[in-house]
Amino acid sequence: MKLPGSGREDLGLRRRIMVFGVAVGLGLFVLLGRIWYLQIQKGEEFSAKSSGNFIKELRVPADRGMILDRRGVRLVDNRPSWDVYVTPAFCGDCEEVLGRLAAYLDLDAEERTRLDESVRKARGLQRFQPLLVRLDLSRDQLDVIEANRDSLPGVDVISAPHRDYLYGSLAAHMIGYLGEVSPEEMEKARERGLQFVLGDYVGKTGVERRFESYLRGRDGMQRVVTDARGQRIPQLEGLIPKGERFIPSVPGNNVVLSIDARLQEAVEEIFDVPAGAVVVMEVNTGYVLAIVSKPGFDPNRMTGRISREELRAISEDPLRPMLFRPLQSHYHPGSVFKVIASLAAFEHGFAGEVHCGGGYTLGRRRWRCHKESGHGWVTPEEALQVSCDTWYYAAADKIGIDALADMSRRFGLGATTGLDLGWEVPGIVPSVEYYEKNVRGGYMRGFALNSVIGQGDSNVTPLQMAVVYSAIANGGTIYRPQVVRRIERPEGYVVQEFLPEAKRTIDVPRAHLDRVRKGLEMVVEVPGGTAYAYRIPGRRTAGKTGTAQVVRIGTIRQKAEEMEFFTRDHAWFAAYGPVEEPEVAVVVLNEHGGSGSRNAAPYAMKILERYFQILEQDRAGPPSPEKAGPVTPPARTRPWSEGGALGG
Amino acid sequence: MNLGSSISARTVWRRAPWGLLVVALLLSGVGILNLASASQAAHAPVWLSQLVWLGIAFGVALLLLPMDYERLYQLAWPFWILVVLLLLAVEFRGDVAMGAQRWLVLGPVRLQPSELAKLSVILVLARLFEEDGEKPGGYGLFDLWKPLLVVGIPAGLTLIQPDLGTAMLILAVAGTLILVAKVRTSALAVLGAGGVAAGVFGWLFVLREYQKRRVLAFLDPEADILGSGYHANQSMIAVGSGQWAGKGWGQGTQTQLSFLPEQHTDFVFSVFAEEWGFRGSVLLLAGFATICFLGLKIATQARDRHGAFLAVGAVALIFWHALVNIGMVTGLLPVVGVTLPFMSYGRSSGLTTVLAVGILANVGARRRTH
């Protein structure tokens, strides 16, 4: 056997071993360099990545501001809703996890299939997007899930403040509801400096929408430690510096309405018709005390709790429940328009008596009065009291349609009122110009006779009529109607106050107004008045009935009961009171209700009566909360909403 | 030729390379400590079984010290044949774990013959180079048929298991031995070209889809962070976030929160680097360097060519394992499934490491003295 170290060959072997030694040294040196690069050079970067691995940021949604009535009664607030999500990237054997979840939550087969599908379809980063399994767990379901946490990897139960409309459908159109934010809304919100995340709820209609930026608070954030499977590890929370674990959310501001919940409730109860609108407005401020649109809806259901079928039923309902009738639908005003006609007539010197023989002849046509036997000699006041059409035909024939249009516009007809709660229709004020533009053959003299009794092409919204009758009651000031009195911080101090806003005055002589008011008083308070039967004992009020024909004038009048619902007349009543010092105006529109006298006046007078009762209660009883200063909502008991989110 | 038998057992104990053994034991200790940290996340006390197993292995290795390594000369071929048979058996009867047939179950023993293949190749090559003696001018291409066959058969059988990492390791260790035995430049050129051709052929026809994905992921780990690149990426985050001082034993978030894959086996170094930082990593590398250099010193002082090549083979085994493993967990090399000597959990790998140390000690105890 040859010995190494005993010759030149051996020196060669030793040299080659040493070359290998150098290679070993080089190799280890390269590793050292690499480790130095990772740990020292890039150490901080990787440290941040490592933190990013185990720190999960949970949004702590801000409590949305409450909506209160004028006295501080809570109409809308929030309660925790426990929502279950599953994150495909973290649930491992998702099918099995979903199976267990389905059993705990009684998911039906359809929901199950939908979930399985979404989990299967999630790819790439989508797998880290939590998928909604079920909204609003019951307490029992929550307990079951909490107890089985360990067998439900990737399942999160998140408490989200859920909008709670405490009075259900009360004032639903005005208050509005929430819905998931749409991409377009997110875009718009960004321009206004509001941040939304897809899936956020945002006001879709009414006050919820108009006052979104006030109601919405600022979301907070909770940072928790999770392992690679997304399971939260509370013991290791110390890995996150104390100050960075929780950024509290800032709750939104409360909106205090001008609505009186008691009156609103009473109106909705009194006004039990299939379709229609009621507006109760303070004549000297423009504040709306009650505003009703029938049929209504439950915003609790609309806010993310409604099935496709229910939604379809609503959208196919011929009565259109989502329509906010006081401002989003216009109607022929019928005889409630006559106050404007009277003022226009007075202004053009038409203020004398007219003989009513049951109608008025112009050319070869005869315009009928609603009383076929005629009213005999009628003064302007009596014309209002008994709603004599003939007096107005004569007036219109004399002053022309543009005089009517001018007075209408001064009262704000033909334009939106500026309530600013979503879209509003302006109505139509027909004039010579209007007919020249829109009707073949252009203007004809007879059109004025249709307009003067609120038919033809005249169209108004109930809210516009409330503004009109308020102006007549308050001496001629047009107020912008408002439903919100002020915005308050949750602690109670006022952020913004919405003061009454007088837009203009109608600018008519006091004497003219007084004659009209006298006529309106006679409607209610003097025998023969169209609403005399419904007067309130002990209170003097004023008002005007209106029966707006839906089908063409000239058709033989039938009894309402004999007609198809959608061809029946609209019943109007517009009133204010007390006569001595008017405070409040009430406008009732009973859609296809029939006669103004029989089917609208009774509701309006009952509403007025209720208003006076509430007024007396407040004066007799202890000072109302409003007078005692801003309302601080009572501390709420929220047994399990602290922290805002429950990890998983 | 039996010179070793003249040395008494007492002399063997006195002359044993105790420095090398102490460093090896220290590294094993660090490895067990490190496994104990990794075990916390897995809730499995693997460190305990590693402790027992390495203890037994080291004990046996020391007890065998008086037995001259010359026995390995006779054992080389039978052992090699046995290993090849076992590899064939795995191919047809093996247990499939993680998509690869690597394990052979013989009653209560689970064997990973590919681990033994590395040793058998070292033993046979050391014997061949002893037999051939120093060739003036080195091995020509045709002289190499025997060594290439000795290496190629077990390496090929390992590759088709498929176990790319071990196959490459066998080639690297054998390549080191063959280069140290000296190869002619012309032969080297031909072999290099052949290697490239084999690589292309292997990529096209031998490598499985997941192996290719891993290699591709290595080339661009950011491209598919959640797929194949996930392991490499998480490992680099673990190592890098250790920074200078480390997060402390049992405090590594990547490890304890399970972001790091295969914490006990392939990615133990990442656990260590995360928790002990650059300071610890340098010491660990120093430990490996010490073992390698002491081992190579033993090789240069070996009694005969047989001992010299055994020692070089043992060092090559430890070195290539360490280089490939650390290179792979730090993102320098593709993730191919190679363990880190002394640190990774596993009986086969632990046994191989201790046998390598035992061979070094055995050769070292019988070194020339002058």
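All of these numbers come straight from a predicted model, not from anything done at the bench.

1. Notes on the overall build of chain A
Secondary structure assignment for chain A yields 23 helices and 23 strands. Taken over 648 residues, chain A has a buried fraction of 46%. Counting contacts in chain A only where the partners sit at least 6 residues apart, residues at least 24 apart contribute 74% of the total.

2. Re the overall build of chain B
Along its length, chain B carries 14 helices and three strands. Out of the 370 residues in chain B, the part that is buried amounts to 53%. Restricting the contact set of chain B to residue pairs at least 6 apart, pairs at least 24 apart contribute 73%.

3. Section: the packing of helix H6 (residues 145-159) of chain B against helix H7 (residues 164-180) of chain B
Axis angle and axis distance: for two packed helices, these are the angle between their axes and the distance between the axes, and together they describe the pair. Residues and elements named next belong to chain B. It is the contact of H6 with H7, at a shortest axis distance of 8 Å, that shows an interaxial angle of 165°. Taken together, the axes of H6 and H7 are roughly antiparallel relative to one another. Considering the relative orientation of H6 and H7, their crossing is right-handed. Residues Pro147, Val151, Pro154, Ala155, Thr158 and Leu159 of H6 form the contact with H7, whose participating residues are Leu164, Thr166, Ala167, Ile170, Leu171, Ala174 and Ile178. Counted by class, the contact of H6 with H7 contains eleven nonpolar, two polar and no charged residues.

4. Concerning helix H16 (residues 389-399) of chain A
One turn of the α-helix equals 3.6 residues, which is why residues spaced by three or four share an orientation. All names here are of chain A. With respect to burial, H16 is a largely interior element, nine of its eleven residues being buried. Taken together, the buried positions of H16 are occupied by Asp389, Thr390, Trp391, Tyr392, Tyr393, Ala394, Ala395, Ala396 and Ile399. Once H16 finishes, Gly400 follows within two positions and takes phi at roughly 85°, a positive value.

5. With respect to unusual backbone geometry
Geometrically, the link from Lys294 of chain A to Pro295 of chain A is a cis peptide bond, its omega value of -5° lying close to zero. With respect to the element layout, Pro295 of chain A can be found in the loop between strand S12 (288-294) and helix H11 (299-302). Of note in this structure, Lys182 of chain B is not a glycine but carries a positive phi near 80°. Here Lys182 of chain B is to be found in the loop between H7 and helix H8 (185-206). With 18 C-beta atoms counted inside 10 Å, the residue Lys182 of chain B sits in the partly exposed group.

6. Thoughts on the environment of Thr417 of chain A
Residues and elements named next belong to chain A. The topology assignment puts Thr417 in the loop between helix H17 (401-410) and helix H18 (432-438). Thr417 sits 64 residues away from Pro481 along the chain, and the two C-alpha atoms are 6.8 Å apart. In this structure, Thr417 is in contact with Leu327, Gly412, Glu424, Leu463, Gln464, Val467, Arg480 and Pro481, ignoring residues within four places of it in sequence.

7. Considering the interface of chain B and chain A
Across the contact, 44 residues belong to chain B and 38 residues belong to chain A. Those elements that place two or more of their residues in the side of chain B that touches chain A are H7, helix H10 (229-241), helix H11 (253-256), helix H12 (268-300) and helix H13 (305-329) of chain B. Counting residues per element, the side of chain B that touches chain A draws most heavily on H12 of chain B, at 13 residues.

8. What to know about the nonpolar core
Among the nonpolar cores identified, the biggest contains 130 residues, and Val278, Val280, Leu404, Ala585, Val587, Val588 and Ala604 of chain A are the most heavily contacted of them. If one sorts the elements of this core by residue count, helix H20 (residues 462-474) of chain A sits on top with nine residues. By size, the runner-up hydrophobic cluster in this structure holds 122 residues, among which are Leu35, Leu54, Ala76 and Phe267 of chain B.

9. Structural notes on helix H2 (residues 43-54) of chain A
Residues and elements named next belong to chain A. With twelve residues, H2 ought to run about 16 Å at 1.5 Å a step, and its terminal C-alpha atoms sit 17 Å apart, in line with that. Among the residues of H2, Gly43, Phe46, Ser50, Asn53 and Phe54 are the ones counted as buried. All buried residues of H2 project into a common sector of 80° when viewed along the axis, lining one side. Exposed residues pointing more than 90 degrees away from the buried face of H2 are listed as Glu44 and Gly52.

10. Quick look at the packing of helix H5 (residues 113-132) of chain B against H13 of chain B
Residue and element names in this part refer to chain B. It is the contact of H5 with H13, at a shortest axis distance of 8 Å, that shows an interaxial angle of 150°. Judged by the inter-axis angle, H5 sits roughly antiparallel to H13. Crossing hand, H5 versus H13: right-handed. Counting all contacts with H5, which are made through Lys118, Ile122, Leu125, Ala126, Arg127, Phe129 and Glu130, the residues of H13 involved are Arg305, His306, Phe309, Leu310, Gly313, Ala314 and Leu317.

The rules behind the values
Residues numbered from 1 in each chain as written. Chains lettered and ligands numbered in written order. Predicted model: local features only at pLDDT ≥ 70, side-chain atom pairs only at ≥ 80, totals over all residues. Helix = DSSP H or I, 4+ residues; strand = E, 2+ residues; numbered from the N terminus. Buried ≥ 20, exposed ≤ 12 C-beta atoms within 10 Å, placed from the backbone. Contact = placed C-beta atoms within 7 Å. Axes fitted to C-alpha atoms, helices over the stretch in contact; angles between N-to-C directions. Parallel < 35°, antiparallel > 145°, perpendicular 65-115°, else oblique. Left-handed = near helix turned anticlockwise from the far one by under 90°. Nonpolar A, V, L, I, M, F, W, Y, C, P; charged D, E, K, R; others polar. Core = buried A, V, L, I, M, F, W, Y, C linked by C-beta atoms within 7 Å. Expected span 1.5 Å × (residues − 1). Arc of directions from axis to C-beta.

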